[in-house]
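Remarks on the overall topology
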Amino acid sequence: MNNTQSTELLFEISKTGRRCHRLPVCDVPVDEPLESLLPDAHRAAEPPPLPEVGEIDLIRHYTNLSTRNMSIDTNFYPLGSCTMKYNPKRHERFAGLPGFAALHPLQDDETLQGMLELLFHMQEYLAEISGLPAVSLQPAAGAQGELTALFVAAAYFRDKGETQRKKVLVPDSAHGTNPASAALAGFEAVTVKSTPGGLVDLDDLRAKIGPDTAVFMITNPNTLGLFEKQIQTITTLLHEQGALVYLDGANMNAILGITRPGDFGADMQHYNVHKTFTGPHGGGGPGSGPIAVREFLAPYLPAPVVVQDGDRYRLEYDMPKSIGRVRSFFGNVGILFRGYCYIRTLGPDGLKDVSEQAVLNANYLRARVAEGYDIPHAGPCMHEFVASARGLLREKKIRAMDIAKRLLDYGYHAPTVYFPLVVPEALMMEPTETESRETLDAFADTLLAIRNEEPDMLRTAPHTHIISRADEVKAAKEPVLRWK
Ligand SMILES: Cc1ncc(COP(=O)(O)O)c(C=O)c1O
């Protein structure tokens, strides 16, 4: 094994006395020795056991580590429900401009005018795209947006004296964060079944709506990549009972400029700015999950929101009914900034084009994948689709996970597997609009070829990576996060 493939940790190559740098002796005059400024009780007896390495080893170590990740900049990344589209590098340059990047959130509003103006317009764009006029930029991820909107709903019903509304209805195809957010916000999550065609079962929904229903959370297009065609019937049913409709906006990439949640009856929604509007994400962050709500819910939004006074911008804290802050400062400004650049670059026509291309790419890939895999739900699909490896399991004892792991050997990030839960052996694929036809064809050809490989080759994959098949349950339940 040569240097560039070394799996050694920095601690293992550490040699006492090696250094990347030397600090000059402190030349600031002090009245007392530095040691006496900090009481003994707060001082470590020994210096921390940090690795001691030279600069070249340090650089090689981190550069090599960086090449072990799959990223949208290195590989096709069809991870369903995650919208892993290309993140334009221009946005990185803009976000790094010192006038923005070097701001401190505790500066006075008067010295933050550029950033506040940008955030104000971002609020306006998100309101326009959703058809819901009041926006909070604070939530730091989609899941936090869900939770925030449910707190808003709870405050609204409390204010109306409708405290009997304890239930949040959630389709069985929903992302796990939906029932989790409902429970965290103090509601009882009730599952609504899907039809065999993959849409909300209206009979089951009717049976579950009642005077105790607070909110129905719906994802549209849903996680099977299908547009809920009866959405207006659904929102009317809920509104007739005085309940609210929440749109999980993770799948906005399919409908930008084509339809608006506010127009089809949603009262609240979150955005995943990191997905739809190109914030670089993956590996757990960073994210941004602003929410947009109808006017009558605006008083309950987290304070502060950004407002315009003449030609100045400021933070409005005077919101007596607000649920309070859900995040420090103004939200995840770095990701909001990139989203703003994206929206400004594309404009209304460009955003519509994004969704049309995303849907076209998904349907193309769906048709190619259907040459060798089950696709349980009738098309056309929206921006993603769900295939199933159940046929392969029957035929050859090959599972969705085996296909996903083998794809890594061919240089592809795996699709989402085993989600949504309503599809056995699910492989959920979202190509996004930024991929070329050649990439989609190459990926489909690989999937079709893998299908015919020796089953053992698949069951033991990946074969070309530094880490082979990990025990994912153990890794999640007993994570080893320290070197020793
Ligand atoms: C349908 C759906 N809803 C909600 C979320 C939660 O979003 P986030 O990961 O930003 O918290 C996701 C994330 O994958 C999702 O796919």
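The structure displayed is predicted, hence computed values, not measured ones.

1. Topic: the site of the ligand
Taken together, the residues surrounding the ligand are Ser81, Ala141, Gly142, Ala143, Glu146, His175, Thr177, Asp248, Ala250, Asn272, His274 and Lys275. A distance of 3.5 Å is found between an oxygen atom of the ligand and a side-chain nitrogen or oxygen belonging to histidine 175. In this structure, an oxygen atom belonging to the ligand sits 3.0 Å away from a side-chain N or O atom of asparagine 272. Coverage of the ligand by the protein chains reaches 86% of its 390 Å² of free accessible surface. Elements with a contribution of two residues or more to the shell around the ligand: α7 (142-159) and α11 (273-276). By residue number, the principal contributor to the shell around the ligand is α7, which donates three residues. Of the residues contributing to the shell around the ligand, the split by class is three nonpolar, six polar and three charged.

2. Observations concerning the sheet that holds strand β4 (residues 213-219)
Reading across from one edge, β1-β7-β6-β5-β4-β2-β3 is the order of the seven strands in this open sheet, with mixed pairing throughout. The two strands at the open ends of the sheet, each matched to only one other strand, are β1 (134-136) and β3 (188-192). When the angles between neighbouring strand axes are averaged without regard to direction, this sheet yields 20 degrees. Sitting on the sheet, helix α8 (residues 177-184) touches β2 (167-171), β3, β4 and β5 (244-248), and the angle it makes with β2 is about 175 degrees.

3. As for the pairing of strand β10 (residues 385-388)
Alternating positions in β10 separate into two faces, Phe385 and Ala387 on one and Val386 and Ser388 on the other, with burial throughout. Alignment of β10 against strand β12 (residues 426-429), held across four bridges, turns out to be antiparallel. Residue pairing across strands places valine 386 opposite methionine 428, the latter belonging to β12.

4. Quick notes on the domain arrangement of the protein chain
With domains assigned, the protein chain is organised as domain 1 (3-66), domain 2 (90-346) and domain 3 (348-477). Each of domain 1 and domain 3 has a C-alpha centre, and the two are 44 Å apart.

5. Notes on the sheet that holds strand β11 (residues 416-417)
If you trace the three strands from one edge of the open sheet to the other, you get β10-β12-β11, paired in antiparallel fashion. At either end of the open sheet lies a strand with only one pairing partner, and these are β10 and β11.

What counts, and where the lines are drawn
- Residues numbered from 1 in each chain as written.
- Predicted model: local features only at pLDDT ≥ 70, side-chain atom pairs only at ≥ 80, totals over all residues.
- Heavy atoms only, no water.
- Near = heavy atom within 4 Å.
- Polar contact = N/O pair within 3.5 Å; in protein donor to acceptor, adjacent residues only side chain to side chain.
- Areas by Shrake-Rupley, 256 points an atom, 1.4 Å probe, with all protein chains shown as cover.
- Helix = DSSP H or I, 4+ residues; strand = E, 2+ residues; numbered from the N terminus.
- Nonpolar A, V, L, I, M, F, W, Y, C, P; charged D, E, K, R; others polar.
- Pairing = 2+ DSSP bridges.
- Axes fitted to C-alpha atoms, helices over the stretch in contact; angles between N-to-C directions.
- Contact = heavy atoms within 4.5 Å.
- Buried < 20%, exposed > 50% of the residue type's maximum accessible area, 1.4 Å probe, protein only.
- Domains from an automatic or database assignment.

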